[in-house]
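Coordinate inspection notes
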Amino acid sequence: MTVQQQDSRKRIEPCGRESDDMGMPLPKEGERPAAYADRVGEWYVSRKSARHRKDYGLYLTPVPVADFMAGKIASRAGRARVLDPAAGAGVLCCSAIESLVSRDPRLEHIEVVAFEIDKDLIAPLQAVLTYLVDWVRRSCDLKVAVRVEMADFILANADGLGADNDLFTTGPRDPDFDVVISNPPYFKISKADPRAAAASSVVHGQPNIYALFMAVSATLLRDGGSFVFVVPRSFASGPYFRRFRSVFFDQVRPAEIHLFGSRRAAFRRDDVLQESVIFTGLRESGWHRRDVVSSIAISASAGLDDLSRADRRTVPIAKILDITSRDRILRLSPDKKVDEIITLVDSWPNTLQSLGLNISTGRVVPFRARSLIRKNGTVPATHVPLLWMNHVRAMRTTWPLNRHKPEYIAQSGAGSLLLPNRNYVLLRRFSAKEEPRRLTAAPYLADDLAVPAVGFENHLNYIHRPGGALSTDEAWGLAALFNSRLLDTYFRAMNGNTQVSATEIRAMPLPSRETIRALGKRARRLPNRTSGLEELIATLLQAPVDEGDRARGNG
């Protein structure tokens, strides 16, 4: 539903009052529209419950982030049509228009289309955009046409996406925007959700709604239009986003990516713990099929305070995106040191498969095996060990812990849930968002437990040799590699979420079998299993050593 077409002749004069009759803030004398939008947004959020904010994905864009994003957009031949598909209180709309009018004196026509599904937010958004219209007229003597759409953006515009296995169609409803700029909501939706069904060409498994916003928004851009989103970085890798990446990167050429050093940095006011990136691209259908060497700018900052001083470098796009691969993983490296680690690891000749190994997910799903698992049991007569994530720490597997989880599984009736008691390498499948490392690995050695079999819970991955067993040196060596800062850094550049999928581990390069065995032989002799591990890997693999690791002894 089109809620309002703003009249650019209407004036909003700042007055002596600080708020209107509803308590909503009024503009201050000389206040930037983006700053006013930010105050209105804070006021609105303060009136809403945590449940409301979560349901609508209501996390407002800080003005420094909005300004940084707005600096990436461009107008075309005297006009700028700007779309924000999840407008909120209008901070991004305002920053975008402020930036355009300050940088392009040729602008003659400006249009803003703002979608917002939260009906209670429509009136505050209207007030902000009315002030923006008046501010631009008074500042630049320009007219701005504004349209507010109270509608579900995905359902209203998903016709721009083709059916399964097709690319974008050519007939979406309004496909001529110069700019799409957004901080979309992010939360998982079921595959049966009407929005997932409408955008089925980019959906696999349980989708996150922000990727649907990205895909649908791209269909509404003109060729050469600017695409700027602040989103979680999880879209860059993983099987759930593979279909999205396949479609999206056919149509949008990555131009710049900004990384935040802290997970809290982008939305610290809302206490959001999320690894976010600012992704800037250009709508260029089939860009990768042209015989042109493209480059991409990578920038990074610790947080908001140093955003304007962000380190920036330019690299060939092929270094971060293999557009010819099935997965099309976007490898996000914050600096040249990580670039060097990626180059080193990419030079290794093997993978698990080439070494005759595989990685699988633990077979015991607790709620399905409730009748088999116990807090106590007789080992090995009737029960065997059941290992969970908390049994696995860096380079150390400890069982039992005698805590709250059931650590025993009955042999009778367990069948294929159990594995032969052989040497394995265990990796946690998940890491907490605040943990500094993603990979936590440890050797599981058959000689440590006198049992015929063992159970691994579903939150563990295990590396094994099909039809055989890892040698002790192989188990130690692989555990040392996967627990090292070297491979953790490499993995973090490939992976944007807290899950450690077996698919991604299978794809990781590994050194020769001889090197792995040599590493294991020496790792076994370390006094406390982790002290000196990084220096040992540096010696054997010519890898850089983090000075912090050297000072801490990698403890």
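Residues numbered from 1 in each chain as written. Predicted model: local features only at pLDDT ≥ 70, side-chain atom pairs only at ≥ 80, totals over all residues. Heavy atoms only, no water.

Side note on the overall build of the protein chain
Looking only at helices and strands, one finds 16 helices and 21 strands in the protein chain. Here the protein chain, with 555 residues, has 59% of them falling under the buried criterion. Within the protein chain, residue pairs in contact and separated by at least 24 positions form 75% of the contacts whose partners lie at least 6 positions apart. On the protein chain, roughly 23400 Å² of surface is accessible, and the fraction owed to carbon and sulfur atoms is 49%. (Helix = DSSP H or I, 4+ residues; strand = E, 2+ residues; numbered from the N terminus. Buried < 20%, exposed > 50% of the residue type's maximum accessible area, 1.4 Å probe, protein only. Contact = heavy atoms within 4.5 Å. Areas by Shrake-Rupley, 256 points an atom, 1.4 Å probe, with all protein chains shown as cover.)

Some points on the packing of helix 11 (residues 472-482) against helix 14 (residues 513-523)
Remark: helix 11 packs on helix 14, axes separated minimally by 7 Å, with the N-to-C direction vectors making an angle of 90°. Classified by the interaxial angle, the pair formed by helix 11 and helix 14 is roughly perpendicular. Contacts from Asp473, Glu474, Trp476, Gly477, Leu478, Ala480 and Leu481 of helix 11 reach helix 14 at Arg513, Ile516, Arg517, Leu519, Gly520, Lys521 and Ala523. When the residues that make up the contact of helix 11 with helix 14 are grouped by side-chain class, the tally is seven nonpolar, two polar and five charged. (Axes fitted to C-alpha atoms, helices over the stretch in contact; angles between N-to-C directions. Parallel < 35°, antiparallel > 145°, perpendicular 65-115°, else oblique. Nonpolar A, V, L, I, M, F, W, Y, C, P; charged D, E, K, R; others polar.)

Observations concerning empty space enclosed by the protein
One pass over the structure, following the stated rule, counts four cavities of 30 Å³ or more. Size it by volume and the largest cavity reaches roughly 60 Å³. Taken together, Val202, Val203, His204, Gln206, Pro207, Asn208, Ala211, Leu212, Tyr240, Phe241 and Phe244 make up the lining of the largest cavity. Classifying every residue of the lining of the largest cavity by side-chain character gives eight nonpolar, three polar and no charged. (1 Å grid on protein atoms, 1.4 Å probe; cavity = no way out; pocket = protein on both sides within 12 Å on 5 of 7 lines; lining within 4 Å. Points joined across faces, edges and corners; volume = space filled by probe spheres on them.)

Section: the packing of aromatic side chains
Overall, the coordinates contain 20 aromatic pairs when judged by the stated rule. Among the aromatic residues, those joined into a ring-pair cluster are Phe227, Phe229, Phe235, Phe244, Phe248, Phe249 and Phe279. Positioned above the aromatic ring of Phe68, the side-chain terminus of Lys72 is 4.4 Å from the ring centre. (Phe/Tyr/Trp six-rings, centres within 6.5 Å; stacked < 30°, edge-to-face > 60°. Lys NZ or Arg CZ within 6 Å of the ring centre and 35° of its normal.)

Digging into the packing of helix 1 (residues 33-46) against helix 5 (residues 122-140)
At a minimum axis distance of 10 Å, the contact between helix 1 and helix 5 shows a crossing angle of 170°. Here helix 1 lies roughly antiparallel to helix 5, going by the angle between them. Counting all contacts with helix 1, which are made through Pro33, Tyr36, Ala37, Val40, Trp43 and Tyr44, the residues of helix 5 involved are Pro124, Ala127, Val128, Tyr131, Leu132 and Trp135. Split by residue class, the contact of helix 1 with helix 5 holds 12 nonpolar, no polar and no charged.

Some thoughts on helix 4 (residues 91-103)
Over its 13 residues, helix 4 runs 18 Å from end to end, which matches the ideal 18 Å to within 8%, given 1.5 Å per residue. Among the 13 residues of helix 4, 11 are classified as buried, and the element is accordingly described as predominantly covered. Taken together, the buried positions of helix 4 are occupied by Val91, Leu92, Cys93, Cys94, Ser95, Ala96, Ile97, Glu98, Ser99, Leu100 and Val101. On its buried face, helix 4 is in contact with helix 1, helix 3 (63-70), strand 2 (79-84), strand 3 (109-115), helix 5 and strand 5 (177-182). (Expected span 1.5 Å × (residues − 1).)

A short note on the pattern of salt bridges
Scanning the entire structure with this criterion turns up 36 salt bridges. Ionic pairing is found between Glu256 and Lys72, a salt bridge with its closest N-O pair at 2.9 Å. Remark: Lys72 occurs in the loop between helix 3 and strand 2 and Glu256 occurs in strand 7 (residues 252-260); sequence separation between them is 184 residues. When the shortest N-O distance is used, the salt bridge between Arg331 and Asp346 registers 2.5 Å. Taken as a pair, Arg331 in the loop between strand 10 (311-316) and helix 10 (336-346) and Asp346 in helix 10 lie far apart in primary sequence, 15 residues in all. Residue Asp346 is classed as partly exposed on the basis of its relative accessible area of 34%. In the salt-bridge network here, residues are joined through shared partners; they are Arg76, Arg79, Asp176, Asp178 and Arg222. (Salt bridge = Lys/Arg side-chain N within 4 Å of Asp/Glu carboxyl O.)

A word on the environment of Pro511
Mapped onto the secondary structure, Pro511 falls in the loop between helix 13 (502-507) and helix 14. Accessibility expressed as a relative area gives 3% for Pro511, which makes it buried. Separated by 160 residues in sequence, Pro511 and Thr351 have C-alpha atoms that sit 8.0 Å apart. With sequence-adjacent residues up to four places away left out, Pro511 is seen in contact with Trp348, Pro349, Asn350, Leu355, Leu481, Ile516 and Leu541.

Looking at the pairing of strand 9 (residues 295-301)
Most of strand 9 is tucked away: six of the seven residues are buried. One ladder, built from six bridges, connects strand 9 with strand 10; its direction is antiparallel. Its bridge partner being in strand 10, Ser299 is matched across the sheet by Arg312. (Pairing = 2+ DSSP bridges.)

Examining the side chain of Ser234
Among the secondary structure elements, Ser234 is positioned in the loop between strand 6 (221-232) and helix 9 (242-251). Residues within four places of Ser234 in sequence aside, it is in contact with Tyr210, Phe241, Gly496 and Asn497.

Some details on the nonpolar core
If you look at the biggest cluster of nonpolar residues, it comprises 54 residues, and the most contacted ones within it are Met214, Phe235, Phe248, Ile257, Phe279 and Leu330. Dropping the residues within four chain positions of it, Phe279 is found in contact with Phe227, Val228, Phe229, Phe235, Phe248, Phe249, Val252, Pro254, Glu256, Ile257 and Leu330. Counting 53 residues, the second-largest nonpolar core is a separate cluster that includes Ala87, Leu132, Val148 and Leu307. (Core = buried A, V, L, I, M, F, W, Y, C linked by side-chain atoms within 4.5 Å.)

Thoughts on the sheet that holds strand 17 (residues 419-420)
Taken in spatial order, the five strands line up as 12-16-13-20-17 in an open sheet, and their pairing is mixed. The open sheet has two free edges, formed respectively by strand 12 (373-374) and strand 17, since each of these has just one partner strand. The pairing of strand 13 (residues 383-387) with strand 16 (residues 408-410) spans three bridges and is classified as antiparallel. By the bridge assignment, Pro385 is partnered in strand 16 with Tyr408.

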